[in-house]
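Chain by chain, the residues:
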Amino acid sequence: MNQSDILTVGNLNVSYGESKVLFDIEMGVKPGHVVACVGRNGAGKSTLLKSIAGFLKNVSGTIAFDGASLLGMMAYDVAKLGIKYIPQDKKVFSDLTVRENLELGSYATKDYNWEQVTDYFPKLKALMDRKAGFLSGGERQMLMIGRAILGNPKILLIDEPTEGLAPSIVAHLRDVFKELSKKTALVIVEQNLPLVCAISEKIYAIKEGRIVKELVGEKISASICEGYL
Ligand SMILES: Nc1ncnc2c1ncn2[C@@H]1O[C@H](COP(=O)(O)OP(=O)(O)OP(=O)(O)O)[C@@H](O)[C@H]1O
Ligand SMILES: [Mg+2]
């Protein structure tokens, strides 16, 4: 942890009923940084993001954003602070248009930066009136991220954004993340190690609910991370 971190997590323990999933997690995210969490299936990566975003109840420890405690806060109120969570399943409202889906992301804050969305994802411009149920996997992920950035978030929590996507879309998302991080801190859960190594300032390797390695700056290399996946 560090004074200049915008998001800090300390001694975080999370359970689902009787089953404990996260143990004593400590993490820090600085403004303008990309922080990645890697680990095998079931390691607890999604649980970590969900607990920061306010979706889980059985959470103890500290979660602080910009000095304020998020512990016990409802997801809606966490989002209002500018912490936007992009879940692993690319669930959209199929019967609503792309534009309507995008607008829903800013329901709480009434903050609509359309230019930012279409600058990063020009393709969405042509798809605005299409029902979201007809989108391809890549378009759907653009919609998910577009929905989060429409409201000028301060930090994005993104769960496996490139899962199942073609290399060209992954390359586009990599550039988008790098650019976005200039004004928005990013916490990304990813299995794509070359991608996280290319864009991250810090990588946490999570194994069976515990952080087993923290890699920073020059220490980041795909070969080192591989053992944790
Ligand atoms: N709602 C839930 N109720 C009970 N157990 C859960 C629940 N959600 C997740 N778990 C369990 O918690 C553990 C961590 O799950 P989590 O989804 O956080 O892992 P993950 O690292 O995101 O995995 P993946 O890479 O497959 O997405 C797993 O053992 C999972 O079965
Ligand atoms: Mg997951």
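Residues numbered from 1 in each chain as written. Chains lettered and ligands numbered in written order. Predicted model: local features only at pLDDT ≥ 70, side-chain atom pairs only at ≥ 80, totals over all residues. Heavy atoms only, no water.

A. Geometry of the overall build of the protein. When its secondary structure is counted, the protein shows nine helices and 10 strands. For 229 residues, the compact-globule formula gives about 17 Å, and the C-alpha radius of gyration of the protein, at 17 Å, lands near that figure. Considering only C-alpha atoms, the protein reaches an extent of 45 × 40 × 35 Å along its principal axes. Expressed as a percentage of its 229 residues, the buried residues of the protein come to 50%. Carbon and sulfur atoms make up 50% of the accessible area of the protein, which totals about 10700 Å². On the protein, the mean spot of the 28 positive side-chain charges and the mean spot of the 26 negative ones are 1 Å from each other. (Helix = DSSP H or I, 4+ residues; strand = E, 2+ residues; numbered from the N terminus. Rg over C-alpha atoms; globule rule 2.2 N^0.38 Å. Buried < 20%, exposed > 50% of the residue type's maximum accessible area, 1.4 Å probe, protein only. Areas by Shrake-Rupley, 256 points an atom, 1.4 Å probe, with all protein chains shown as cover. Lys, Arg positive; Asp, Glu negative; His and termini not counted. Charge placed at Lys NZ, Arg CZ, Asp CG, Glu CD.)

B. Quick look at the coordination of the magnesium ion (ligand 2). Ser46 (OG) and Gln88 (OE1) make up the full set of protein donors to the magnesium ion (ligand 2), lying at 2.0 to 2.3 Å. Note that serine 46 is positioned in helix α1 (residues 45–53) and glutamine 88 in the loop between β6 (83–86) and α3 (98–104), a separation of 42 residues in sequence. When its relative accessible area of 16% is taken as the criterion, serine 46 is described as buried. (Donors = N, O, S within 2.8 Å, 3.2 Å for Na, K, Ca; no water.)

C. Here's a closer look at the sheet that holds strand β4 (residues 59–65). On the basis of which strands lie adjacent, the open sheet formed by four strands has the order β2-β1-β4-β5 and antiparallel pairing. Of all strands in the sheet, those bounded by a partner on one side alone are β2 (19–29) and β5 (68–69). Bridge count for β4 against β5 is two bridges, and the pairing is antiparallel. What sits directly across from phenylalanine 65, in β5, is alanine 68. Against the sheet, α1 contacts β1 (7–16), β2 and β4, and its axis sits at roughly 110° relative to β1. (Pairing = 2+ DSSP bridges. Contact = heavy atoms within 4.5 Å. Axes fitted to C-alpha atoms, helices over the stretch in contact; angles between N-to-C directions.)

D. Up close: the site of ligand 1. Residues in close proximity to ligand 1 total 13 residues, the closest being Gly42, Gly44, Lys45, Ser46 and Thr47. Glutamine 191 is positioned such that a nitrogen or oxygen atom in its side chain is 3.2 Å from an oxygen atom of ligand 1. Burial of ligand 1 by the protein amounts to 59% of the accessible area it has alone, namely 640 Å². With three residues, the top contributor of residues to the shell around ligand 1 is α1. (Near = heavy atom within 4 Å. Polar contact = N/O pair within 3.5 Å; in protein donor to acceptor, adjacent residues only side chain to side chain.)

E. View of the layout of surface pockets. Of the voids in this model, the largest pocket is the one considered here, and its volume is about 640 Å³. Considering the residues around the largest pocket, the lining is formed by 21 residues, among which Phe55, Tyr85, Leu104, Gly105 and Arg147 are closest to the centre. Only α2 (75–80), β6 and α6 (137–149) provide two or more residues apiece to the lining of the largest pocket. Quantified by volume, the second largest pocket comes out at close to 200 Å³. What lines the second largest pocket is a set of 13 residues, and nearest its centre among them are Gly54, Leu56, Lys57, Gly72 and Met73. Within the lining of the second largest pocket, the residues separate by chemical class into nine nonpolar, three polar and one charged. (1 Å grid on protein atoms, 1.4 Å probe; cavity = no way out; pocket = protein on both sides within 12 Å on 5 of 7 lines; lining within 4 Å. Points joined across faces, edges and corners; volume = space filled by probe spheres on them. Nonpolar A, V, L, I, M, F, W, Y, C, P; charged D, E, K, R; others polar.)

F. Fine view of helix α7 (residues 167–180). Here α7 is 14 residues long and its end C-alpha atoms lie 20 Å apart, about the 20 Å a rise of 1.5 Å per residue gives. The set of residues buried in α7 consists of Val170, Leu173, Val176, Phe177 and Leu180. The arc that holds the buried residues of α7, viewed along the axis, is 120°, so those residues lie on one side. Opposite the buried face of α7, by more than 90 degrees, sit the exposed residues Pro167 and Ser168. Next to the buried residues of α7 lie β3 (34–38), α4 (114–120), α6, β7 (155–159), β8 (185–189) and α8 (193–199). (Expected span 1.5 Å × (residues − 1). Arc of directions from axis to C-beta.)

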